[in-house]
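# Commentary on secondary and tertiary structure
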Amino acid sequence: MDSWLSIEVLDGAFAASAWQRAHGDRLTEAALTNGAEQWTWHVHHWGVTLEIEFSSEEKRDRFRSLPAVTAALDAVPDPERGLLVYPGRGGGSGARVPRRPRPLPMSGCGALPTPQEEVSLRLATAQPPGFEVCSAG
């Protein structure tokens, strides 16, 4: 059974990508030496996500309680609102079915009136056969 751990770090006083550069190697090293089977980093416009897969929940929980992990998580850009740590895959895993854009709700919308075509008719003057117009000259 796979046990994933997700660590999402949001931008704060400084960019989360700077936090990743400073602490990413230590986190991945700690994960590998404590039984991680795979890991992946996702960079978003709002921060970064680290997803780590362990073979058991015990290994996952042991990794989470390591001093190196605790120190890295204490150093996130926004320690009050910029850190999410939870079991399972995170925001970088994507949806299995792509989302389709929904129509935007619009207030006061209605059908536009059908454009009216302007028709212009010109009648030709009819003259009886054999009738000629003579000009006095």
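Report on the accompanying structure. (Residues numbered from 1 in each chain as written. Predicted model: local features only at pLDDT ≥ 70, side-chain atom pairs only at ≥ 80, totals over all residues. Heavy atoms only, no water.)

### Re the environment of Pro-87
By the element assignment, Pro-87 lies in strand β4 (residues 83-87). Taking the relative accessible area as the measure of exposure, Pro-87 reaches 54% and is therefore exposed. C-alpha separation for the pair Pro-87 and Ile-52, spaced 35 residues apart in sequence, amounts to 9.6 Å. Ignoring any residue separated from it by four or fewer positions in sequence, one finds Pro-87 in contact with Trp-4, Leu-5 and Arg-60. (Helix = DSSP H or I, 4+ residues; strand = E, 2+ residues; numbered from the N terminus. Buried < 20%, exposed > 50% of the residue type's maximum accessible area, 1.4 Å probe, protein only. Contact = heavy atoms within 4.5 Å.)

### Section: the packing of aromatic side chains
Applying the stated criterion to the full structure yields 2 aromatic pairs. Ring centres of Trp-19 and Trp-41 lie 6.3 Å apart, and the angle between their planes is 65°; on these two criteria the pair is classed as edge-to-face. Of this pair, Trp-19 sits in helix α1 (residues 16-33) while Trp-41 sits in strand β2 (residues 36-43), and the two are 22 residues apart along the sequence. Relative to Phe-63, the ring of Phe-54 has its centre 5.4 Å away and its plane inclined at 40°; by these criteria the two rings are tilted. You can call Phe-63 buried: its relative accessible area is 0%. Seen from the ring of Trp-4, Arg-89 lies directly overhead, with NZ or CZ sitting 4.2 Å from the centre. (Phe/Tyr/Trp six-rings, centres within 6.5 Å; stacked < 30°, edge-to-face > 60°. Lys NZ or Arg CZ within 6 Å of the ring centre and 35° of its normal.)

### Notes on the pattern of salt bridges
The final tally for this structure, using the stated rule, is 3 salt bridges. The salt bridge partner of Arg-89 is Glu-51, with a shortest N-O separation of 2.8 Å. With Arg-89 in the segment after β4 and Glu-51 in strand β3 (residues 47-54), the pair connects residues that are 38 residues apart, well separated along the chain. Taking the relative accessible area as the measure of exposure, Arg-89 reaches 42% and is therefore partly exposed. For Asp-61, the salt bridge identified is with Arg-60, shortest N-O distance 3.4 Å. On the accessibility criterion, Asp-61 (42% relative accessible area) is partly exposed. (Salt bridge = Lys/Arg side-chain N within 4 Å of Asp/Glu carboxyl O.)

### Points about the sheet that holds β2
In spatial order, the strands read β2-β3-β1-β4; together these 4 strands make up an open sheet with antiparallel pairing. Sheet topology places β2 and β4 at the edges, where each strand pairs with a single neighbour. The average angle at which neighbouring strand axes cross in this sheet is 10°, direction not considered. Sheet analysis places β2 next to β3, joined by 7 bridges and oriented antiparallel. Looking at β3, one finds that Gln-38 is bridged to Glu-53. The sheet contacts of helix α2 (residues 57-64) involve β1 (3-10), β3 and β4, and relative to β1 the element is tilted by about 30°. (Pairing = 2+ DSSP bridges. Axes fitted to C-alpha atoms, helices over the stretch in contact; angles between N-to-C directions.)

### Brief notes about the side chain of Asn-34
Take Asn-34: it is sitting in the loop between α1 and β2. For Asn-34, a relative accessible area of 17% gives the class buried. Only 2.7 Å separates the side chain of Asn-34 from the backbone oxygen of Ala-30, close enough to count as a polar contact. Among residues more than four places away in sequence, those in contact with Asn-34 are Phe-54, Lys-59, Arg-62 and Leu-66. (Polar contact = N/O pair within 3.5 Å; in protein donor to acceptor, adjacent residues only side chain to side chain.)

### Some remarks on the nonpolar core
Counting residues in each nonpolar core, the largest one holds 19 residues, and the members touching the most others are Val-9, Trp-19, Leu-27, Ile-52, Phe-54 and Phe-63. Of all the secondary-structure elements, those providing two or more residues to this core are β1, α1, β3 and α3 (67-74). Looking at this core, the element that brings in the most residues is α1, giving 5 residues. (Core = buried A, V, L, I, M, F, W, Y, C linked by side-chain atoms within 4.5 Å.)

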